[in-house]
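Structural description and commentary
Residue-level listing of the chains:
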Amino acid sequence: MPLRNARFVLPALVATGALVLSGCSAPQTDDAASPDASAPSVAVRDIEPHAVLLDSADPAELALTASQTVYSRAETVVLADADDEEARGALAAAAVAVRAPALLARGGTSDGGLGEELQRLGARAAVVVGAEDGVAAEAAEAAGVQVVHLEADVVTTPPEPDQADPEDDQPEYPELEEDDLADLVGDLEDVLGTPVAAGADDGSGEGMLREVLAVVDPQPGQEAAIASLRAAGAVPADVPGGDLGALSAVSTLDEAQALTVVGVGASFGDPEEFGWRVAAAERAALLPTGSQHLLPARYVTTSASVWDDPESVVARAQEAAAAYGEVPDATDETTDDATDETTDDATDETTDDAGDDEQEPPTTSEGERVVPTLVVTASASSGSPGEDGDWVDEQELDTLRPLVAAARDEGVYVLLDIGAGAAPLVEEIRHVEPLLRAGGVGVSVHPEGRIGDGVQTTSHEVPVAEVQDVVDHLAGVVTGEGLPPAMLVVHQTRPESVVDRAELRPVPQVETVVLADRTGGPTTGEWVWGQVSIGLPDGVHAGWSGPAAPYPGVAATVPSEPAPVLVAAS
């Protein structure tokens, strides 16, 4: 068995107790199943997409979608009224115990829709939890399915996770009492006339999902959908808040390397974002924040050129960041766990952490990480059009790689500074795209450097569509490569240099920062900050230019309204 499979199956045994991940044999079909003595009592589909999101906010619709996604056949189903909250625990426990889909009557689904699903599954018996005369029982009888009743108070309370055991982080779920499970199995066997598999798997894996990880952020009403996945053999993993960029979630998905990842709930975002987050977590590249989130943090920049010694300029960047933060005592008991875990969990090729240093990273007075950031000049506006006519001088990528590599090795974020010329901004960024594919690298652009033709374009400004093209292009690179988010910094001394700036639309894959450039003396700089930082689009952050040479106590000069996420220190 390949190592990846071994790593995935072991936690599955711990998480489910009874279910072992193995092969599935059910073809994907929408044809209604009919009773057939030769057919298995339960069979699952081959789930084709690698990442599947079940994001309905309605419990009944969510449960129905889970059943349709996972099961191709199920002679036994477990039902409850959608509005019967007391039945949810027993509903979930019974579904997992007898390996059956769990469905809810009414709610966001029609009686006809539930009946059609029972017919599609080839259901012959329905375990109805709760009221004997509720809508669930009526729906089963209307579909010609024989009903077995189960009381709602037949579950055991799951034990609390052992907080002292770091490996005891698997979600716990209620279970049926042993006597009640035995009675339920006996009733089902009387109805079906065949043995009912319950409890421990026989190891054959017949009809079960193979290497499917269900990431869940359990909310009231999701019990049925989660139970259907568990009953089919999926291994559940809690992801609080649906945050797949958190270090714990990244570690879980990286270690599992599942064939399929199914998300349950709206907290995971939309399907496109979910697919990207899954791919990024499985690649496991971490940012200097110790997670796959750029924010919350404050980035302090230091400029660099190809003439700089990589080791020296990286050290300068770290010193500048320290000047804008508080450096905890290395002996302080309250250490940042994320730094140590980053060092342990990230691979040599993809880690961008600062965990190699014994000293804790600096933080702001609010406790946010201060991230040293190296701004590397990748291209600059030129005084002549050059051979290609774009008015931009570009550096060879090979001359930039040592600076980028040295920064990433030391947990320093990198911004590739891109000059503006006559061509659209996105065209200039394509030149450095190979460096962006490594992760931990963003770009900064200068709309006011635009060389206009006086007809279609105007000098010193760009339309917001050009900046949006850059955002979307970066998002495409991040998504395509399975990377954490990238940062885009837009330099401005006046807000109108990006025409219709208010229409800029941020995306999850890119954190966009509008930086009020340093210009003139302190009074002018304050005016520029006031003009540029006002009226930013929702989801776009402010950047501030500090003194050219950071000094002790300089952090006190940083504005607080709005608080900049990036400080240009040099």
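Quick note: structure is the one above.
None of the values given here were measured: they were computed from a predicted structure.

1. Some details on the packing of aromatic side chains
- Counted by the stated rule, this structure contains two aromatic pairs.
- With a centroid separation of 5.7 Å and 75° between ring planes, the pair formed by Phe268 and Phe274 is classed as edge-to-face.
- For Phe268, a relative accessible area of 3% translates into the label buried.
- Here Phe274 falls in the buried class, since its relative accessible area comes to 1%.
- Ring geometry for Tyr299 and Tyr413: centres 5.7 Å apart, planes at 70°, overall edge-to-face. Of this pair, Tyr299 sits in strand E13 (residues 298-304) while Tyr413 sits in strand E17 (residues 413-418), and the two are 114 residues apart along the sequence.
- Taking the relative accessible area as the measure of exposure, Tyr299 reaches 0% and is therefore buried.
- Judged by relative accessible area, Tyr413 falls into the buried class, the value being 0%.

2. Comments concerning the packing of helix H10 (residues 310-323) against helix H12 (residues 397-409)
- Here H10 crosses H12 at 45°, and the two axes come no closer than 9 Å. Looking at the two axes, H10 sits oblique to H12. Judged by the twist between their axes, the crossing of H10 over H12 is right-handed. Seen from H10, the contacting residues are Pro310, Val313 and Val314; seen from H12, they are Pro402, Leu403, Ala406 and Ala407.
- Considering only residue class, the contact of H10 with H12 consists of seven nonpolar, no polar and no charged.

3. Brief notes about the pattern of salt bridges
- Per the stated rule, a full pass over the model turns up nine salt bridges.
- Notably, a salt bridge pairs Glu117 with Arg120, separated by 2.7 Å at the nearest N-O pair. Taken together, the residues span about one helical turn, with Glu117 and Arg120 both in helix H4 (residues 111-121) at a distance of three residues.
- With a relative accessible area of 2%, Glu117 lands in the buried category.
- Through salt bridges with shared partners, a single network forms among Arg73, Glu75 and Arg124.

4. Points about the nonpolar core
- Judged by nonpolar contacts, the single largest core of 60 residues is most densely connected at Leu374, Leu416, Leu436 and Leu488.
- With seven residues, the top contributor of residues to this core is helix H15 (residues 464-481).
- Leu374 has contacts with Thr302, Ala304, Val313, Val314, Ala317, Leu403, Ala407, Val412, Tyr413, Val414 and Leu415, leaving out every residue within four places of it along the chain.
- Core analysis: the next-biggest nonpolar cluster, separate from the first, contains 40 residues, Leu54, Leu103, Ala137 and Val212 among them.

5. So, the side chain of Asp217
- Here Asp217 is to be found in the loop between strand E10 (212-216) and helix H7 (223-231).
- Arg277 is the oppositely charged side chain nearest to the buried, salt-bridge-free Asp217, at an N-O distance of 13 Å.
- Among the polar contacts listed, one links the side chain of Asp217 to the side chain of Ser267, at a separation of 2.9 Å.
- In contact with Asp217, other than residues within four places in its own chain, are Gln222, Val239, Pro240, Gly241, Gly242, Val264, Ser267 and Phe268.

6. So, the sheet that holds strand E12 (residues 260-264)
- Taking strand neighbours across the sheet as the criterion, the four strands line up as E2-E12-E10-E11 in an open arrangement whose pairing is parallel. Unpaired on one side and paired on the other, strand E2 (51-54) and strand E11 (235-238) mark the two borders of the sheet. When the angles between neighbouring strand axes are averaged without regard to direction, this sheet yields 25°.
- Looking at chain direction, E2 and E12 are connected through four bridges and run parallel. If you follow Val52 over to E12, its bridge partner there is Val262.
- Where H7 meets the sheet, it contacts E10, E11 and E12, and its direction lies at approximately 160° from that of E12.

Parameters and conventions
- Residues numbered from 1 in each chain as written.
- Predicted model: local features only at pLDDT ≥ 70, side-chain atom pairs only at ≥ 80, totals over all residues.
- Heavy atoms only, no water.
- Phe/Tyr/Trp six-rings, centres within 6.5 Å; stacked < 30°, edge-to-face > 60°.
- Buried < 20%, exposed > 50% of the residue type's maximum accessible area, 1.4 Å probe, protein only.
- Helix = DSSP H or I, 4+ residues; strand = E, 2+ residues; numbered from the N terminus.
- Axes fitted to C-alpha atoms, helices over the stretch in contact; angles between N-to-C directions.
- Parallel < 35°, antiparallel > 145°, perpendicular 65-115°, else oblique.
- Left-handed = near helix turned anticlockwise from the far one by under 90°.
- Contact = heavy atoms within 4.5 Å.
- Nonpolar A, V, L, I, M, F, W, Y, C, P; charged D, E, K, R; others polar.
- Salt bridge = Lys/Arg side-chain N within 4 Å of Asp/Glu carboxyl O.
- Core = buried A, V, L, I, M, F, W, Y, C linked by side-chain atoms within 4.5 Å.
- Lys, Arg positive; Asp, Glu negative; His and termini not counted.
- Polar contact = N/O pair within 3.5 Å; in protein donor to acceptor, adjacent residues only side chain to side chain.
- Pairing = 2+ DSSP bridges.

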